[in-house]
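Next come the chains, spelled out residue by residue.
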Amino acid sequence: MTFAATVITLYPEMFPGPLGVSLAGRALERGDWSLEAVQLRDFATDRHRTVDDTPAGGGAGMVLKADVLAAALDSVEPGRPVFAMTPRGKPVDQARVRQLAAGPGITILCGRFEGFDERIFDARPTIEQVSLGDIVLSGGEPAALALLDACIRLLPGVMGAPLSGAEESFEEGLLEYPQYTRPYEWEGRTIPEVLRSGDHAKIAAWRKAMSEHDTRLRRPDLWERYSGARARPASGAQRETKD
Ligand code: SAH
């Protein structure tokens, strides 16, 4: 089955972009996935092909018009999850990416300027609002590329060794353990001895311990969920500033 991606954007020329090279690019050539970039402006109804207007209530920037967004969305074949990229959305995670990669594909709406007229989400309630994280991009396109990349690398046959996806960050709710490669000594620093021991059980235990250690220090949010610890925001915050 081909994973079919449709991206609605004011900049179709940004696609496939980085997804046209390396693993994703070869998979695209093989037909493991397909990509259609739809020009949002084609769904404008006036002579000037207007896609945006000034924010109601005033303020800087422009807002994408609900009628144009709806016309573009309604032109796309239904049956696939529809995402709108927005910092106001739920942060997308690896579990959701796995679900998406196992499905028929995805339709992605890319924002620009100040974002979308909110009524599009009331009128088309199946749209999932997702964020790439607590950063503000100038447009939804890089977010769409990142989300697609995360899905495509999970498609059967896209990554060389199927197992290399299984032990990664987030798969067990933890960050991955640190990795090392040759040379054994570099700038006076050596690779941890346990990794040269050949003792697979010991290596697995070390990796698990490092995963837990790093997750606890770097991502208290993940650690809390993983360990089932009760929320203790005050002491957690103190510990973090001391480290
Ligand atoms: N005024 C908006 C930001 C608009 S940024 C706000 O403060 O919420 C312009 C567009 O970039 C957005 O519509 C969205 O499509 C995209 N974008 C910006 N940051 C993003 C993020 N963290 N995740 C996903 N999309 C993002």
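Structure first, text after, so check above.
Residues numbered from 1 in each chain as written. Predicted model: local features only at pLDDT ≥ 70, side-chain atom pairs only at ≥ 80, totals over all residues. Heavy atoms only, no water.

**With respect to the site of the ligand**
Next up, step 1: Around the ligand, the surrounding shell holds 20 residues, and the nearest of these are Met 85, Gly 111, Glu 114, Ile 135 and Leu 137.
Next up, step 2: One of the backbone nitrogen or oxygen atoms of Met 85 is found 2.6 Å away from an oxygen atom of the ligand.
Next up, step 3: Between the ligand and Gly 133 there is a distance of 3.1 Å, counted from a nitrogen atom to a backbone nitrogen or oxygen.
Next up, step 4: In the complex, 87% of the free accessible area of the ligand, which totals 550 Å², lies under the protein chains.
Next up, step 5: Per-class residue counts for the shell around the ligand are nine nonpolar, eight polar and three charged. (Near = heavy atom within 4 Å. Polar contact = N/O pair within 3.5 Å; in protein donor to acceptor, adjacent residues only side chain to side chain. Areas by Shrake-Rupley, 256 points an atom, 1.4 Å probe, with all protein chains shown as cover. Nonpolar A, V, L, I, M, F, W, Y, C, P; charged D, E, K, R; others polar.)

**Some points on the nonpolar core**
As a rule of thumb, nonpolar side chains are buried together in soluble globular proteins.
Next up, step 1: Within the largest apolar cluster, 28 residues are counted, with the highest numbers of intra-cluster contacts made by Ile 106, Ile 108, Leu 147, Leu 148 and Ile 152.
Next up, step 2: Within the residue set of this core, elements represented by two or more residues are strand S1 (3-9), helix H1 (22-30), strand S5 (82-91), helix H3 (94-101), strand S6 (105-110) and helix H5 (141-152).
Next up, step 3: By residue number, the principal contributor to this core is H5, which donates eight residues.
Next up, step 4: In this structure Leu 148 touches Phe 3, Ala 5, Val 7, Leu 19, Leu 35, Ile 106 and Ile 108, once residues within four positions along its chain are discounted.
Next up, step 5: Membership of the second largest hydrophobic core comes to 19 residues, among which are Leu 40, Ala 70, Val 76 and Phe 121. (Core = buried A, V, L, I, M, F, W, Y, C linked by side-chain atoms within 4.5 Å. Buried < 20%, exposed > 50% of the residue type's maximum accessible area, 1.4 Å probe, protein only. Helix = DSSP H or I, 4+ residues; strand = E, 2+ residues; numbered from the N terminus. Contact = heavy atoms within 4.5 Å.)

**Brief notes about the packing of H3 against H5**
Next up, step 1: Interhelical geometry of H3 versus H5 gives an angle of 65° and a closest axis separation of 8 Å. Accordingly, the angle class assigned to the pair H3 and H5 is roughly perpendicular. As for how H3 packs across H5, the hand of that crossing is right-handed. Here H3 contributes Val 97, Leu 100 and Ala 101 to the contact with H5, which in turn contributes Leu 147, Ala 150 and Cys 151.
Next up, step 2: Here the residues of the contact of H3 with H5 sort into six nonpolar, no polar and no charged. (Axes fitted to C-alpha atoms, helices over the stretch in contact; angles between N-to-C directions. Parallel < 35°, antiparallel > 145°, perpendicular 65-115°, else oblique. Left-handed = near helix turned anticlockwise from the far one by under 90°.)

**Here we look at the pattern of salt bridges**
Next up, step 1: Following the criterion strictly, the structure yields 12 salt bridges and no others.
Next up, step 2: With its nearest N and O atoms 2.9 Å apart, the salt bridge here joins Glu 171 to Arg 98. Residue Glu 171 is found in the loop between H5 and strand S8 (185-186), and its partner Arg 98 is found in helix H3; the two are separated by 73 residues along the sequence.
Next up, step 3: Between Glu 193 and Arg 196 there is a salt bridge, and its shortest N-O distance comes to 3.8 Å.
Next up, step 4: The class of Arg 196 is partly exposed, set by a relative accessible area of 49%. (Salt bridge = Lys/Arg side-chain N within 4 Å of Asp/Glu carboxyl O.)

**Considering the packing of aromatic side chains**
Next up, step 1: Per the counting criterion, the structure on display carries two aromatic pairs.
Next up, step 2: Between Phe 116 and Phe 121 the ring centres are 5.7 Å apart and the planes differ by 80°, which places this aromatic pair in the edge-to-face class.
Next up, step 3: Overall, Phe 116 belongs to the buried group, its relative accessible area being 11%.
Next up, step 4: It is Arg 196 that lies over the ring of Tyr 184; its NZ or CZ is 3.7 Å from the centre. (Phe/Tyr/Trp six-rings, centres within 6.5 Å; stacked < 30°, edge-to-face > 60°. Lys NZ or Arg CZ within 6 Å of the ring centre and 35° of its normal.)

**Some words on the environment of Pro 18**
Next up, step 1: Along the polypeptide, Pro 18 turns up in the loop between S1 and H1.
Next up, step 2: As for Pro 18 and Leu 145, which are separated by 127 residues in sequence, their C-alpha atoms are 7.8 Å apart.

**Points about a nonpolar patch on the surface**
Next up, step 1: Nonpolar side chains collect at one region of the surface, where Leu 132, Ile 135 and Leu 137 lie side by side and expose about 250 Å² of accessible area between them.
Next up, step 2: By secondary structure assignment, the location of Leu 132 is in the loop between strand S7 (128-131) and H5.
Next up, step 3: Owing to a relative accessible area of 38%, Leu 132 belongs among the partly exposed residues under this scheme. (Patch = residues over 30% accessible without salt bridge, like charges linked within 9 Å, V, L, I, M, F, W, Y side chains within 5 Å.)

All quantities given are derived from atomic positions and should not be read as evidence of function.
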